[in-house]
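# Fold and contact review
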Amino acid sequence: MAMRNIHVLSGLICTGKSAYLKKLMRWHEFRNATTIGLDDVGIRYWGNRAMTTTEKVYRNQLAREEIQRRIIVDNAKTVLVEMVMLTMKNHQEPFMRMIAETEHYLQRIEPERARMEQRPPLHDDGGINVNVVLFYCSLERMRERIERRKSEGSNNSPVFSMDGALHAAIQFEMPEVYDPLLINTTDENVDAELERMREMKAFFLRGEKPSRVTCDARKEEAESYLCELCREAEKAGVTL
């Protein structure tokens, strides 16, 4: 049975998606993985132009189509994805529908190809394993990282500011259509970084998560941070 794996790094800007994607790519387990970044998709099609809200939704569609193509056409077995996955309606649910549609295509393609090539069909149920990590951090840590990256000129996103982060925060919805591994990246201590990497490795490679008590506590903490961001957005006059 050939299982495909899609590992998603999600969360608001400056919560750790890009940094941890780079770390994951250095693991030998992911040396042949296909990588897809939402910001990279935006740069490819819009360049440095600012995108409207609807264009950002369409950017997610383009990223989902690329994931699907890599799985179906390129036969990718492992895909590392960096996406915000902001709202239920426009991001999270369409992502999971894409997964189901991709599995449907795979289930139909293999027996058809076996008949074309006059061979027995492979034992492949077209299954896709999806693991989503949701990064979060404190308001102050996010602010520090935004200023740090702006000063370094190291971001590849046309819109990269605290107002942009707050605008995203007031739209963000905690996912219900999948159960992510929540990881707080506020602490930048080396030991904390190593522990997060260990946890992600266990999750991506073996499907292991911390205890339910720990996961529930992290969800409460993440929601608290999100509420803090929304209050900051209200004070700053940031609206939809």
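Residues numbered from 1 in each chain as written. Predicted model: local features only at pLDDT ≥ 70, side-chain atom pairs only at ≥ 80, totals over all residues. Heavy atoms only, no water.

### What to know about the packing of helix α5 (residues 139–152) against helix α8 (residues 212–236)
The condition that has to hold: Only C-alpha atoms enter the line fits that serve as axes; for helices the fit covers just the stretch in contact. Angles between N-to-C directions range over 0 to 180 degrees. Secondary structure elements are taken from DSSP: a helix is a run of H or I of four residues or more, a strand is a run of E of two residues or more, and numbering for both begins at the N terminus. Here the angle decides the label: under 35 degrees means roughly parallel, over 145 means roughly antiparallel, 65 to 115 means roughly perpendicular, and every other value means oblique. Note on definitions: a residue-residue contact is assigned when non-hydrogen atoms from the two residues lie within 4.5 Å. Residues are grouped as follows: Ala, Val, Leu, Ile, Met, Phe, Trp, Tyr, Cys and Pro are nonpolar; Asp, Glu, Lys and Arg are charged; all remaining types, including Gly, are polar.
Taken N-terminus to C-terminus, the directions of α5 and α8 make an angle of 65°; their axes are 9 Å apart at the nearest point. Classified by the angle between their axes, α5 and α8 sit roughly perpendicular to one another. Contact residues: α5 offers Leu-139, Met-142 and Arg-143, while α8 offers Glu-228, Leu-229 and Glu-232. The class makeup of the residues in the contact of α5 with α8 is three nonpolar, no polar and three charged.

### Some remarks on unusual backbone geometry
What counts, and what does not: Relative accessibility under 20% of the residue-type maximum defines a buried residue, over 50% an exposed one, and the middle range a partly exposed one, all with a 1.4 Å probe and only protein chains included.
Unlike most non-glycine residues, Met-85 shows phi in positive territory, near 60°. Following the sequence through the fold, Met-85 ends up in the loop between β3 (78–82) and α4 (88–116). Even without being glycine, Gln-118 reaches a positive phi, approximately 50°. Counting through the fold element by element, Gln-118 comes out in the loop between α4 and β4 (128–136). On the basis of relative accessibility, which here comes to 75%, the residue Gln-118 falls in the exposed class.

### What to know about the packing of helix α6 (residues 162–169) against α8
To be explicit about the condition: Less than a right angle of anticlockwise turn of the near helix away from the far helix marks a crossing as left-handed, whereas a clockwise turn marks it as right-handed.
Across the interface, α6 lies against α8 with an axial gap of 9 Å and an inter-helix angle of 120°. The angle between α6 and α8 places the two elements in the oblique class. You can see that α6 and α8 cross each other, and the crossing is left-handed. Where α6 abuts α8, its residues Met-162, Leu-166 and Ala-169 lie against Leu-226, Leu-229, Cys-230, Glu-232, Ala-233 and Ala-236. Its residues placed into classes, the contact of α6 with α8 shows eight nonpolar, no polar and one charged.

### Regarding the pairing of strand β5 (residues 181–184)
Successive residues of a regular strand alternate their side chains across the two faces of the sheet. Defined as follows: Between any two strands, at least two bridges found by DSSP are needed for them to pair.
Burial along β5 is two-sided: Leu-181 and Ile-183 and Leu-182 and Asn-184, pointing in opposite directions, are all buried. For β4 and β5, the ladder comprises four bridges, and the chain directions are parallel. Each bridged residue has a counterpart across the sheet, and for Phe-135 the counterpart in β5 is Ile-183.

### With respect to the pattern of salt bridges
Stated formally: Salt bridges, as used here, are contacts in which a Lys or Arg side-chain nitrogen is within 4 Å of a carboxyl oxygen on Asp or Glu.
With the rule as written, the count across this model stands at 25 salt bridges. Put simply, Glu-110 and Arg-119 hold a salt bridge, and the shortest N to O gap is 2.8 Å. Exposure remark for Arg-119: the relative accessible area of 25% places this residue in the partly exposed category. Measuring nitrogen to oxygen at the nearest pair gives 3.4 Å for the salt bridge that ties Asp-216 to Arg-212. Placement of both Asp-216 and Arg-212 in helix α8 is noted, with a separation of four residues, approximately one turn of the helix.

### Re α5
We apply this condition: By this rule the span expected of a helix is its residue count minus one, scaled by 1.5 Å. The arc under discussion is defined with respect to the helix axis, by the directions toward the C-beta atoms.
Counted at 1.5 Å a residue, the expected span for α5 with its 14 residues is 20 Å, and the 20 Å between its end C-alpha atoms agrees. Within the sequence span of α5, burial applies to Leu-139, Met-142, Arg-145 and Ile-146. Projected down its long axis, α5 shows its buried positions confined to an angular sector of 125°, all on one face. Facing away from the buried side of α5 by over 90 degrees, the exposed positions are Ser-151 and Glu-152. Looking at the buried residues of α5, the elements they touch are α6 and α8.

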